[in-house]
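Spelled out from the first residue to the last, the chains are:
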Amino acid sequence: MPYELDSAGTTAEQGEDKSESDDGGGLESSLGMTIPDDHVGAFVAEALEDPERATTWDDVVDTMVAPAARDAWAELSPVEQATEVLSKAAEFDRQAIEHFEAVPLDGARSEAETDIDEGLRCRRNADTFRDGVAAAYGDGRLDDEGLVDALEAAEFDTEVIAEREDLIERIDSVFEIDYRPYGGTLMDDDDGPEPDTEHGETW
């Protein structure tokens with residue numbers, strides 16, 4: 001049975017009565033496609049990957065998991081670990097949106113600075129965490145089924161990322177902020193960030 005990455009971003013088996021939308025355009029249509037079983041893992045990993053970053057799984061674990069919690073972390077299965085990381089990425093996305101929504105577009109730049117900086121930090125973290133999960137798949141830590149299970153368990157939603165990017169574009173149109181356009185493959189954007197990313201500016 002083929003898989004379909006639906007408009008909410010989760011991967012699920014395609015139902016017999018599911019009809020394709022003819023509306024076209026936008027993020028949802030770019031992900032509303034059927035993927036053969038043999039390629040679903042690679043497709044999902046590519047969707048999570050930010051090709052402008054070089055995150056490793058260890059980068060993410062070292063940052064996310066406190067030393068005192070390492071033993072408990074090691075007891076989790078690879079799927080459970082990936083689910084935790086993807087859930088944390090989603091949390092960072094929501095935090096970024098909250099900060100971006102709090103920016104007063106009709107106010108002074110000084111009033112917006114804190115929320116802009118915090119929103120950008122959360123945004124970097126979210127993208128880096130997902131990139132780390134893609135790296136885990138590439139290294140063989142997760143197989144195809146495990147990656148799909150983790151994505152579904154984390155309730156991955158591309159619409160949240162789209163909302164986040166819409167907000168930052170609006171802010172940029174007012175304040176001309178210094179930020180790297182989204183570099184992942186979840187959305188179409190010809191203007192990606194520079195190839196090298198220092199993890200010191202993340203987390």
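Anyway, here's the lowdown on the structure attached to this text. (Residues numbered from 1 in each chain as written. Predicted model: local features only at pLDDT ≥ 70, side-chain atom pairs only at ≥ 80, totals over all residues. Heavy atoms only, no water.)

1. Section: the environment of Leu-151
And then number 1: The residue Leu-151 is located in helix 7 (residues 144-153) in this model.
And then number 2: Each C-alpha atom, one on Leu-151 and one on Ala-82, is 8.1 Å from the other, the two residues being 69 residues apart in sequence. (Helix = DSSP H or I, 4+ residues; strand = E, 2+ residues; numbered from the N terminus.)

2. A short note on helix 3 (residues 57-64)
And then number 1: For helix 3, every residue scored as buried is listed here: Trp-57, Val-60 and Val-61. With its buried residues spanning 95 degrees around the axis, helix 3 presents them on a single face.
And then number 2: Residues of helix 3 that are buried make contact with helix 4 (70-74), helix 5 (78-101) and helix 6 (109-138). (Buried < 20%, exposed > 50% of the residue type's maximum accessible area, 1.4 Å probe, protein only. Arc of directions from axis to C-beta. Contact = heavy atoms within 4.5 Å.)

3. Let's talk about the pattern of salt bridges
And then number 1: As enumerated under the stated definition, the model contains eleven salt bridges in all.
And then number 2: Linking Glu-118 and Arg-121 is a salt bridge whose minimum nitrogen-to-oxygen distance equals 3.0 Å. Of this pair, Glu-118 and Arg-121 are both found in helix 6, three residues apart, which corresponds to roughly one turn of the helix.
And then number 3: Since its relative accessible area comes to 26%, Arg-121 is described here as partly exposed.
And then number 4: Among the ionic pairs, Asp-127 bridges to Arg-164, the shortest N-O distance being 3.0 Å. Of the two residues, Asp-127 sits in helix 6 while Arg-164 sits in helix 8 (residues 158-175), which places them 37 residues apart along the sequence. As far as the burial class goes, Asp-127 and Arg-164 line up, both buried. (Salt bridge = Lys/Arg side-chain N within 4 Å of Asp/Glu carboxyl O.)

4. A few points about the nonpolar core
And then number 1: Judged by nonpolar contacts, the single largest core of 42 residues is most densely connected at Leu-48, Ile-116, Val-133 and Leu-147.
And then number 2: The set of elements that each furnish at least two residues to this core consists of helix 2 (40-48), helix 3, helix 5, helix 6, helix 7 and helix 8.
And then number 3: If we skip the residues at most four places from it in the chain, Val-133 touches Leu-48, Trp-57, Ala-82, Val-85, Leu-86, Leu-142 and Leu-147. (Core = buried A, V, L, I, M, F, W, Y, C linked by side-chain atoms within 4.5 Å.)

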